[in-house]
Amino acid sequence: MNETKIMRKKKRALVDQSLCVACGCCAKVCPLGAIEIWKGITARVSGRCVGCGKCAAECPASVITIREVENL
């Protein structure tokens, strides 16, 4: 049987960690709890992110973008 892999595109938040000030505003507004502040240094986005954009809209430093990523 020949299996075909289907590539799906989904949206996900991406944080520019070199510019993130770790204020936590993004983590507070994420409805899925997909963002955490790592070691008080930067925000990290988990695989639970669905790319809703609430974090990007709330970020005072404007370092979060929503991008399409490929997903198997």
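The model shown is predicted, which means the values in this text are computed figures rather than measured ones.

What counts and how
- Residues numbered from 1 in each chain as written.
- Predicted model: local features only at pLDDT ≥ 70, side-chain atom pairs only at ≥ 80, totals over all residues.
- Heavy atoms only, no water.
- Helix = DSSP H or I, 4+ residues; strand = E, 2+ residues; numbered from the N terminus.
- Buried < 20%, exposed > 50% of the residue type's maximum accessible area, 1.4 Å probe, protein only.
- Contact = heavy atoms within 4.5 Å.
- Areas by Shrake-Rupley, 256 points an atom, 1.4 Å probe, with all protein chains shown as cover.
- Core = buried A, V, L, I, M, F, W, Y, C linked by side-chain atoms within 4.5 Å.
- Disulfide = S-S within 2.5 Å.

Novice: Before we go on, may I ask you to explain the overall build of the chain in this structure?
Specialist: Helix and strand counts for the chain come out as two helices and four strands. Across the chain, helices and strands are ordered from the amino to the carboxyl terminus as β-α-β-β-α-β. When each of the 72 residues of the chain is scored for burial, the buried share is 26%. When contacts within the chain are restricted to residue pairs at least 6 apart in sequence, those whose partners lie at least 24 apart make up 64%. On the chain, roughly 5300 Å² of surface is accessible, and the fraction owed to carbon and sulfur atoms is 51%.

Novice: Teacher, can you tell me more about unusual backbone geometry here?
Specialist: Most peptide bonds are trans, and most residues other than glycine sit at a negative phi. One non-glycine residue, Lys39, lies in positive phi territory at about 50°. As for its position among the elements, Lys39 is in the loop between strand E2 (35-38) and strand E3 (42-45). For Lys39, a relative accessible area of 64% puts it in the exposed group. Within the chain, Ser62 stands out as a residue other than glycine whose phi angle is a positive 50°. Among the structural elements, Ser62 can be located in the loop between helix H2 (54-58) and strand E4 (64-71). On the accessibility criterion, Ser62 (59% relative accessible area) is exposed.

Novice: Looking at this structure, how should I read the nonpolar core?
Specialist: For soluble globular proteins, nonpolar side chains are generally found buried alongside one another. Membership of the largest hydrophobic core comes to 14 residues, with the highest contact counts inside it found for Val15, Ile35 and Ile64. Contributing elements (two or more residues each) for this core: strand E1 (8-15) and E3. Excluding residues within four positions of it along the chain, Ile35 makes contact with Cys26, Ala27, Cys30, Ala43, Arg44, Val45 and Cys55.

Novice: Can you help me understand the side chain of Thr42 in this one?
Specialist: Structurally, Thr42 can be placed in strand E3. Thr42 gets classed as buried once you look at its relative accessible area, which sits at 4%.

Novice: Would you take a moment to explain the state of the cysteines for this structure?
Specialist: As used here, a disulfide is simply a covalent bond connecting the sulfur atoms of two cysteines. Under the counting rule described, the total for this entry stands at zero disulfides. Considering cysteine sulfurs only, Cys25 is the nearest to Cys23, which forms no disulfide, with 3.6 Å between them. Given a relative accessible area of 40%, Cys23 falls into the partly exposed group. For the unlinked cysteine Cys52, the closest cysteine sulfur is that of Cys30, found at 6.1 Å. Among the residues examined, Cys52 registers a relative accessible area of 46% and is labelled partly exposed.

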